[in-house]
Every structure is written in structure tokens, then in C-alpha cells.
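# Remarks on the overall topology
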Amino acid sequence: MLAIGCTENINENNSTQASLQQSNDAENQDMEWMKHIEKYGSLIQSDMDNVGMAANISDYNLLKSYGQDLVNDTQSGLDENSNYTLSPKYQEAQNEWVQALTDLNSAGKYIVMSADESLAYGVPVRNLDYEQKIQNYVVSSTGHMNRASALLEGT
């Protein structure tokens, strides 16, 4: 009887230690994810700045290249994001982050298609459908980024 009582205490102790370890793991994941969004936030901002510059000077080779950088960086961000299992307090912010990256990935694809069209014709081509989609995706991604930021500030 005495041995059973000791075994239960050991099991309870192991359970408590496992819970603490899971809590520490979640906190570590949360902190690593914060570094992830800082890293990709900077990369994506640079990509967007480059896209804007290339569009302003009508350099469609650069626009295509920078649009592809945006696609690649957002896809890498999405792929890496899936490696994180966050604590519940960050999950909604993570969902907003994923939506922002997804929207920017789509915008990047339309930027590349738009640049390809201009390069194919050898003159600037305004594809209003592409322009509208790019604008919609960028506006949507901005909303998701703002919501993610607000959620993170509230934690």
C-alpha cells in the first residue's frame, strides 16, 4: 500500500514536470516565432520597397525580379511559420500573419505576371485586372498585418 502511494506521487510529479516542460517549450516557440516575424517582416518590407522603386522607374526586369523575391520570401515565411506551435495567446496573431503572407504571396505573383506582360510586348502594359488584384491583396495584407500587430501588443 505504501508503495502505491509513492508511485502515485512520482507519477504526479512526472506529470507536473511534463506540464512545466510543455509550458517552457511553448514559451520558447513563442519567442522563436517573434524572431521569425521580425526577420520576415524586414525581408518583405525590403521586397515591397524594391517593387515600388522598380515600378516607379518602369524597369520591368527589376520589377519581375523583385516581385519574384516577394513570392519567394513570403513562401519561405509561410513554410517556416508552419514549424511553430504557439501558445494559445499568440495563435490568433499567427493566423493573421499567415493571411498577410498569403495575400502578399498572391500580390507578388500578379506583380511578376504584370512585369512579364510588359516585357513580352516590349512596352509598358497596364493590365487593370492585375493592378486591381495587386492593390486588393496589398490592402488586405496590410489589414492582416495591422490586426496581428494589435494582437501582439495586447499580449
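Description of the structure in this document. (Residues numbered from 1 in each chain as written. Predicted model: local features only at pLDDT ≥ 70, side-chain atom pairs only at ≥ 80, totals over all residues. Heavy atoms only, no water.)

For the rest of this paragraph, the subject is the packing of aromatic side chains. All told, the structure shown has three aromatic pairs when counted by the stated rule. Aromatic side chains tryptophan 33 and tyrosine 90 sit 6.4 Å apart centroid to centroid with 50° between the ring planes, which places their arrangement in the tilted category. You can see tryptophan 33 sitting in helix α1 (residues 2-56) and its partner tyrosine 90 sitting in helix α3 (residues 88-121), a full 57 residues away along the chain. The same class applies to tryptophan 33 as to tyrosine 90, namely buried. Taken together, a centroid distance of 5.6 Å and an interplanar angle of 55° make the contact between tyrosine 110 and tyrosine 130 tilted. Of this pair, tyrosine 110 sits in helix α3 while tyrosine 130 sits in helix α4 (residues 128-153), and the two are 20 residues apart along the sequence. Here tyrosine 110 and tyrosine 130 have matching classes, each one buried. Through a chain of ring-to-ring contacts, three or more aromatic side chains come together here, namely Tyr110, Tyr130 and Tyr137. (Phe/Tyr/Trp six-rings, centres within 6.5 Å; stacked < 30°, edge-to-face > 60°. Helix = DSSP H or I, 4+ residues; strand = E, 2+ residues; numbered from the N terminus. Buried < 20%, exposed > 50% of the residue type's maximum accessible area, 1.4 Å probe, protein only.)

Grouped together as the largest cluster of nonpolar side chains are 24 residues, with contacts concentrated most on Trp33, Ile44, Leu63, Trp97, Ile111 and Leu152. The set of elements that each furnish at least two residues to this core consists of α1, α2 (60-81), α3 and α4. It is α3 that provides the largest number of residues to this core, a total of eight residues. (Core = buried A, V, L, I, M, F, W, Y, C linked by side-chain atoms within 4.5 Å.)

Let us look at the side chain of serine 118. Looking at the element boundaries, serine 118 is found in helix α3. Residue serine 118 is classed as buried on the basis of its relative accessible area, which comes to 2%. A polar side-chain atom of serine 118 sits 3.0 Å from the main-chain amide nitrogen of valine 125. Those residues within four positions of serine 118 in sequence are excluded, and the remaining contacts are Tyr60, Val123, Pro124 and Val125. (Polar contact = N/O pair within 3.5 Å; in protein donor to acceptor, adjacent residues only side chain to side chain. Contact = heavy atoms within 4.5 Å.)

Below, the discussion takes up the pattern of salt bridges. Side chains carrying opposite charge are able to pair once their charged atoms draw close together. For the structure on display, the rule yields six salt bridges. For aspartate 116, the salt bridge is made with lysine 64, and the minimal N-O distance between the two is 2.8 Å. Remark: lysine 64 occurs in helix α2 and aspartate 116 occurs in helix α3; sequence separation between them is 52 residues. A relative accessible area of 30% means that aspartate 116 is categorised as partly exposed. Here arginine 126 ties to glutamate 131 by a salt bridge, and the two come within 2.6 Å at their closest N and O atoms. Note on glutamate 131: relative accessible area 29%, which makes it partly exposed. (Salt bridge = Lys/Arg side-chain N within 4 Å of Asp/Glu carboxyl O.)

Below, the discussion takes up unusual backbone geometry. Of note in this structure, serine 58 is not a glycine but carries a positive phi near 55°. Within the secondary structure, serine 58 is located in the loop between α1 and α2.

It is the contact of α3 with α4, at a shortest axis distance of 8 Å, that shows an interaxial angle of 160°. By the angle between their directions, the pair α3 and α4 is classed as roughly antiparallel. Between α3 and α4 lies a crossing of left-handed hand. Here the contact of α3 with α4 is composed, by residue class, of 17 nonpolar, six polar and six charged. (Axes fitted to C-alpha atoms, helices over the stretch in contact; angles between N-to-C directions. Parallel < 35°, antiparallel > 145°, perpendicular 65-115°, else oblique. Left-handed = near helix turned anticlockwise from the far one by under 90°. Nonpolar A, V, L, I, M, F, W, Y, C, P; charged D, E, K, R; others polar.)

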